[in-house]
Amino acid sequence: MIQGRRLFQLFIILHIVSILEGKIGVDIAYFNDVVSVETAKCWLQNNISFAIVEILGSPGTLNTKAPETILNFQKAGFTDVDIYIYPKVTLNPAAQIYSVFTFLKSYNATAFNNVWIDIETDNDPWPSNCAQNIAYLTALLQEVQLFVNKSQIGIYTQNVYWAPLFCNSTLFSQYKLWWPRWDNQTNFDSYVPFGGWKMPVMKQYLPYTKTNKICGYASLDQDYKPDNTEMEQLYVM
C-alpha cells in the first residue's frame, strides 16, 4: 500500500514537472517571410505549438504577408495563433485598429485567439508625457474591444518601457501581460511585478538574433507559456 502511494506521488510530481515546462512558440515579425504550410507542420512536429503574428509593424505599416501566414497556420493544424500590433503613436489609434481588422477580414484571416499591443520604444519613440500616453493606449484598447472580447486583449511590454512611458500606471493590469525577458529560461522565475501585473501569461525568452533556424526558417523570437489548462485539470483531480 505504501509503495503504491509512493508511486502515485512520484507520478504526480513528474506530471507537475512536465506541465510546468509549458508550451513553446514563436512570434513572426513584419520583416519575416511568409510561413508556408509545410514549415508550420514541421514546427508542430518539433513541439512549436503556438505562434503570434505581427499585423501592424512600426512605423504603422500593415504586414501584407500576415494574412497568408495566418491561413497557412490554420491549414497546418495550428489552433493557438495570436496577432500583435505595433502602433505608431503619431497616428490616430482608432484608424490604425480599424485598418488592421478590416485588412484581415478582407482575406478571411480571422482564425486567431488573442490580440497583443506592443509597447516598446526601439523603433518608434513614445512621448515623454505619461498622461498623454495613458490616454492614447486607452483609446487604442477601446477600439480593439469593438472587434474582440476584452479577455482576448493583452499587452507586450517590460518595466524598462512601462515605467518611463506610463509612470508605472496600474490602469492596464486588467489586460494580460506578454513579458519579454531574453534569458533563455522557459519560466517566470525572474519576473518582478510592475504596472499592477502580478504575473505574465506569456514570456518572450529569446530574441530572433540569438535563435537557430527552426525547420530551415531563421530570425524567430521564441516564446514560452505554461499549460494552464492542464494545471487546472491537475488541481481538480
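Everything discussed here concerns the structure shown above.
Let us look at the structure shown here. Quantities reported herein were computed from a predicted structural model and do not represent experimental measurements. (Residues numbered from 1 in each chain as written. Predicted model: local features only at pLDDT ≥ 70, side-chain atom pairs only at ≥ 80, totals over all residues. Heavy atoms only, no water.)

## Some words on the nonpolar core
In plain terms, the rule: Think of a nonpolar core as a cluster: buried Ala, Val, Leu, Ile, Met, Phe, Trp, Tyr and Cys residues, connected wherever their side-chain atoms sit within 4.5 Å. Exposure categories follow from relative accessible area, calculated using a 1.4 Å probe and restricted to protein chains: below 20% of the type maximum is buried, above 50% is exposed, and the middle band is partly exposed. Helix numbering and strand numbering both begin at the N terminus, where a helix is a DSSP run of H or I of at least 4 residues and a strand a DSSP run of E of at least 2. In this analysis, two residues are considered to be in contact whenever any of their non-hydrogen atoms come within 4.5 Å of each other.
Counting residues in each nonpolar core, the largest one holds 59 residues, and the members touching the most others are W43, F73, L137 and F172. The element that contributes the greatest number of residues to this core is helix α5 (residues 130–144), accounting for six residues. With residues up to four places along the chain from it excluded, the contact list for F73 reads I28, V35, A40, W43, A51, V53, F78 and V81. Among the nonpolar cores identified, the runner-up in size contains eight residues, and F50, I52, Y84 and Y156 belong to it.

## Here's the deal with the packing of helix α2 (residues 37–45) against helix α3 (residues 66–76)
In plain terms, the rule: Axis definition: a line fitted to C-alpha atoms, over the contacting stretch in the case of helices. Angles run 0 to 180 degrees between N-to-C directions. Angular relationships are summarised with four words: roughly parallel below 35 degrees, roughly antiparallel beyond 145, roughly perpendicular across 65 to 115, and oblique for the angles in between. It is the rotation of the near helix from the far one that decides the hand of a crossing: anticlockwise by less than a right angle makes it left-handed, clockwise makes it right-handed. Three residue categories are used. Nonpolar comprises Ala, Val, Leu, Ile, Met, Phe, Trp, Tyr, Cys and Pro, charged comprises Asp, Glu, Lys and Arg, and polar comprises the others, including Gly.
Here α2 crosses α3 at 55 degrees, and the two axes come no closer than 8 Å. In terms of orientation, α2 and α3 fall into the oblique class. Crossing angle aside, the handedness with which α2 passes α3 is right-handed. The segment α2 lies against α3, with V37, A40, K41, W43 and L44 engaging N72, F73, K75 and A76. Residue composition of the contact of α2 with α3, by class: six nonpolar, one polar and two charged.

## Let's talk about unusual backbone geometry
Backbone geometry at N184 places phi at a positive 60 degrees, although glycine is not the residue there. Despite not being glycine, C215 shows a phi value in the positive range, around 55 degrees. Note on placement: C215 falls in the loop between β8 (202–206) and β9 (221–225).

## Quick look at a nonpolar patch on the surface
Here is the rule: Residues forming no salt bridge and having over 30% relative accessible area are the ones grouped into patches, like charges within 9 Å of each other and nonpolar side chains (Val, Leu, Ile, Met, Phe, Trp, Tyr) within 5 Å. Every accessible area reported is derived by Shrake-Rupley at a probe size of 1.4 Å, with residue values counting cover from the shown protein chains alone. Salt bridges are counted wherever a side-chain nitrogen of Lys or Arg sits within 4 Å of a carboxyl oxygen of Asp or Glu.
Taken together, Y30, F31 and Y208 make up a surface patch of nonpolar side chains, about 280 Å² in accessible area. Considering the arrangement of structural elements, one finds F31 in the loop between β1 (23–28) and α2. On the basis of relative accessible area, F31 is assigned to the partly exposed category, the value being 38%.

## Brief notes about the state of the cysteines
The test is simple: Disulfide assignment relies on a single distance test, namely cysteine sulfur atoms paired within 2.5 Å.
Applying the stated criterion to the full structure yields two disulfides. The disulfide partner of C42 is C215, and the gap between their sulfur atoms is 2.0 Å. Linking C42 and C215, the disulfide has an S-S dihedral of approximately -85 degrees and is accordingly described as left-handed. Within this pair, whereas C42 is found in helix α2, its partner C215 is found in the loop between β8 and β9, the two being separated by 173 residues in sequence. C215 gets classed as partly exposed once you look at its relative accessible area, which sits at 29%. Sulfur-sulfur distance for the disulfide between C130 and C167 comes to 2.1 Å.

## Topic: the side chain of D82
Inclusion rule: Here Asp and Glu are counted as negative and Lys and Arg as positive; His is not counted, and neither are the chain ends.
Structurally, D82 is set in strand β4 (residues 81–85). Buried charge D82 goes without a salt bridge, the closest partner of opposite sign being K225 at 4.9 Å. Once you skip the residues sitting within four places of it in the chain, D82 turns out to touch A51, I52, V53, F112, N113, N114 and W116.

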